[in-house]
Amino acid sequence: VVNKLLISIVNGLGRMRAFAIYTTLRYAMIGVSLAIAGALALDATHLPIIWTITEGTLLLALVVEICLTVKFSRAGDWRPWVTEHLRFGIRGAGATLLFELNSRLDIWILGAAMSDSAVGIYSMAASLAEGVSQLATALQVNVNPTMAADLAGKRTGDVEALIRRSRRWFVPGMVGVCGLAAAMFPIMIPWITG
């Protein structure tokens, strides 16, 4: 929750490249942490350390980012905003809960019908797929401000050009990343997890 709040601050500051990097870092660190756990031959009961390493690394990076970019001296008038932020958060909590529930529902259902090992493999694949999907989110977050400005200025030609440029490298890149991930998954996961 703290990391999501800090990432939202980066987003609110309009540091879109940094926002994309930190969003992607979370999923990259899951893979790195899994590799570390595999190299250390950790017992399955110790695998939650993956999330501790991932979120801890991200927290340190975000704290440094916020300390370097936020002028705390300008935050003197923050109290009136607390109520507004709480009101907004409460309104969005249901949608967020349903989104998170939906993304885990298949794993819970499989857990009732399959072995822990099979569910664990599916869960790892789902986490990796979610991480890869963040690449599209990172692109979207970076092009949204440009597209919004161009659309507001009725420069639809510029929007179309941006879409063409992005599509030219992003679609083949995603096909390559997804293909490589699918090919490597049956090799890497048994090697990492033992």
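In case you missed it, the structure is sitting above this.
Since the model is a prediction, treat every value here as computed from it, not as a measurement.

1. Brief notes about the nonpolar core
Soluble, globular proteins show a tendency: their nonpolar side chains are buried together.
Phase 1 of the analysis: One finds Leu 6, Ile 7, Val 10, Met 16, Ala 18, Phe 19, Tyr 22, Leu 58, Leu 62, Ile 66 and Val 141 forming the largest nonpolar core, which totals eleven residues.
Phase 2 of the analysis: Sorting the residues of this core by element identifies α1 (2-12), α2 (16-39) and α3 (49-69) as the ones contributing at least two each.
Phase 3 of the analysis: By residue number, the principal contributor to this core is α2, which donates four residues.
Phase 4 of the analysis: Setting aside residues up to four positions removed in sequence, Tyr 22 forms contacts with Ile 7, Val 10, Leu 58, Ala 61, Leu 62 and Glu 65.
Phase 5 of the analysis: Listed in part, the seven residues of the second largest apolar core include Ile 30, Leu 34, Ile 50 and Ile 189.

2. A short note on the side chain of Asp 150
Phase 1 of the analysis: Position of Asp 150 among the secondary structure elements: in helix α5 (residues 116-152).
Phase 2 of the analysis: Apart from the residues within four sequence positions on either side, Asp 150 is in contact with Arg 155, Asp 158 and Val 159.

3. Things to note about the pattern of salt bridges
Phase 1 of the analysis: Applying the stated criterion across every chain, the model contains five salt bridges.
Phase 2 of the analysis: For Arg 15, the salt bridge goes to Glu 65, with nearest N and O atoms at 2.4 Å. Here the residue Arg 15 occupies a position in the loop between α1 and α2, and Glu 65 occupies one in helix α3, the gap between them amounting to 50 residues.
Phase 3 of the analysis: Among the residues examined, Glu 65 registers a relative accessible area of 7% and is labelled buried.
Phase 4 of the analysis: A salt bridge links Asp 158 to Arg 155; the shortest N-O distance between them is 3.7 Å.
Phase 5 of the analysis: Among the residues examined, Asp 158 registers a relative accessible area of 40% and is labelled partly exposed.
Phase 6 of the analysis: A single salt-bridge network, built from bridges that share partners, covers Asp 150, Arg 155 and Asp 158.

4. With respect to a nonpolar patch on the surface
Phase 1 of the analysis: On the surface, Val 32, Ile 36, Leu 40, Leu 42 and Ile 49 cluster together to form a nonpolar patch covering roughly 390 Å² of accessible area.
Phase 2 of the analysis: Tracing the backbone through its elements, the reader meets Leu 40 in the loop between α2 and α3.

5. A word on a positive patch on the surface
Phase 1 of the analysis: There is a patch of like positive charges on the surface, built from Arg 164, Arg 165, Arg 167 and Arg 168.
Phase 2 of the analysis: Considering the arrangement of structural elements, one finds Arg 164 in helix α6 (residues 156-193).
Phase 3 of the analysis: Judged by its relative accessible area of 48%, Arg 164 is partly exposed.

Cut-off values and rules
Residues numbered from 1 in each chain as written. Predicted model: local features only at pLDDT ≥ 70, side-chain atom pairs only at ≥ 80, totals over all residues. Heavy atoms only, no water. Core = buried A, V, L, I, M, F, W, Y, C linked by side-chain atoms within 4.5 Å. Buried < 20%, exposed > 50% of the residue type's maximum accessible area, 1.4 Å probe, protein only. Helix = DSSP H or I, 4+ residues; strand = E, 2+ residues; numbered from the N terminus. Contact = heavy atoms within 4.5 Å. Salt bridge = Lys/Arg side-chain N within 4 Å of Asp/Glu carboxyl O. Patch = residues over 30% accessible without salt bridge, like charges linked within 9 Å, V, L, I, M, F, W, Y side chains within 5 Å. Areas by Shrake-Rupley, 256 points an atom, 1.4 Å probe, with all protein chains shown as cover. Lys, Arg positive; Asp, Glu negative; His and termini not counted. Charge placed at Lys NZ, Arg CZ, Asp CG, Glu CD.

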